[in-house]
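Structure at a glance
Read off the chains here:
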Amino acid sequence: MLALLPVFGLFGCGGSKKHTADEIIMLNTVYYGTARDPVYAFALKKEENGWLFSADCLVGEQREQYTSFAAFPVPAEDAAELLRIISGDGEIERLKKHRDPIHFFHSSDAPARMTQMTFSDGSAVEKEAAMGERVLAYLYGLADRYYRAAESAADTPADTAMNGTTTTLPKQENP
């Protein structure tokens with residue numbers, strides 16, 4: 001039995017801790033495309049006072065306008081819905097199982113996707129993978145919903161931009 005101990009130690013008998021979506025404190029997903037492809041970057045981060053959302057993407061009914069905003073407070077319900085989708089679609093397990101491609105050559109204009117999840121215990125998983133379609137659709141919906149307010153808040157002096165916006169934001173319907 002002692003002879004098997006090194007084998008289990010090398011290959012992992014129990015595997016890594018199984019995380020749940022409720023343990024996510026930060027999510028980043030980004031797609032760098034070629035010159036012709038749209039680029040998106042989304043981040044959702046849990047802070048002491050609530051959730052902050054950042055987005056760089058095309059928004060609008062026809063995806064005709066580009067927006068870029070950082071650390072905009074969003075209601076906990078929006079974050080909870082995103083975490084519910086992540087949980088329901090098995091995104092954590094899919095990301096943990098994803099094997100990054102082996103790169104023999106580096107091409108600076110090649111499309112690249114990267115997703116990272118950080119959990120409440122401080123561990124993180126980062127892979128060269130995109131989030132699932134439902135997660136991305138929800139993130140685009142959040143960007144559509146908040147980009148006007150986020151861009152307006154960015155034009156407001158810092159001491160007033162965060163004043164009560166977490167609970168007083170009007171909800172807009174997704175296009």
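In this text the structure is predicted, and so the values were computed from the model without any measurement.

This next bit is on the overall build of the chain. Summing up its helical and strand segments, the chain has six helices and six strands in all. Listed N to C, the secondary structure of the chain is α-β-β-β-β-α-α-β-β-α-α-α in terms of helices and strands. Here the analysis covers contacts within the chain between residues at least 6 apart in sequence; of these, 61% occur between residues at least 24 apart. Approximately 11,100 Å² of the chain is accessible, and the part contributed by carbon and sulfur atoms is 56%.

With that settled, consider unusual backbone geometry. One non-glycine residue with positive phi stands out, namely Arg-63, at about 55 degrees. Of note, Arg-63 is situated in the loop between β3 (50–59) and β4 (65–74). Although it is not a glycine, Ala-71 adopts a positive phi angle of roughly 50 degrees. Here Ala-71 shows up in strand β4. Judged by relative accessible area, which is 35%, Ala-71 ranks as partly exposed.

As a further point, take the confidence of the model for the chain. Chain-level statistics for the chain give a pLDDT mean of 77 and a share of 69% at 70 or above. When the criterion is pLDDT under 50, residues 1–15 qualifies, and its contacts beyond four places in sequence or with other chains add up to one contact. Counting interchain partners and residues more than four positions distant, the pLDDT-below-50 stretch residues 158–175 has 23 contacts.

Tallied over the full model, the rule gives seven salt bridges. Of the charged contacts, one joins Asp-89 and Arg-134 as a salt bridge, the two residues approaching to 2.9 Å between their closest N and O atoms. Of the two residues, Asp-89 is situated in the loop between α2 (76–88) and α3 (91–97) and Arg-134 in helix α4 (residues 133–154); the sequence distance between them amounts to 45 residues. Take Arg-134: its relative accessible area is 43%, and that puts it in the partly exposed class. Glu-91 is the salt-bridge partner of Arg-94, the closest N and O atoms lying 2.6 Å from each other. Taken together, the residues Arg-94 and Glu-91, both in helix α3 and three residues apart, mark about one turn of the helix. By relative accessible area, Arg-94 is classed as partly exposed at 34%. On the basis of relative accessibility, which here comes to 4%, the residue Glu-91 falls in the buried class.

Here the focus is the sheet that holds β4. Strand order in this open sheet of six strands is β4-β3-β2-β1-β5-β6, and the pairing throughout is antiparallel. Sheet topology places β4 and β6 (124–127) at the edges, where each strand pairs with a single neighbour. Mean inter-strand twist for the sheet, computed between neighbouring axes without regard to direction, equals 5 degrees. Where strand β1 (residues 24–32) lies against strand β5 (residues 112–119), eight bridges are found, and the strand directions are antiparallel. Each bridged residue has a counterpart across the sheet, and for Tyr-31 the counterpart in β5 is Arg-113. On the sheet, α2 packs against β1, β2 (40–47), β3, β4 and β5 and is oriented at approximately 75 degrees with respect to β1. Contacting β1, β2, β3 and β4, α4 runs over the sheet at an angle of about 85 degrees to β4.

Reading guide: rules and limits
- Residues numbered from 1 in each chain as written.
- Predicted model: local features only at pLDDT ≥ 70, side-chain atom pairs only at ≥ 80, totals over all residues.
- Heavy atoms only, no water.
- Helix = DSSP H or I, 4+ residues; strand = E, 2+ residues; numbered from the N terminus.
- Contact = heavy atoms within 4.5 Å.
- Areas by Shrake-Rupley, 256 points an atom, 1.4 Å probe, with all protein chains shown as cover.
- Buried < 20%, exposed > 50% of the residue type's maximum accessible area, 1.4 Å probe, protein only.
- pLDDT = per-residue confidence, 0-100.
- Salt bridge = Lys/Arg side-chain N within 4 Å of Asp/Glu carboxyl O.
- Pairing = 2+ DSSP bridges.
- Axes fitted to C-alpha atoms, helices over the stretch in contact; angles between N-to-C directions.

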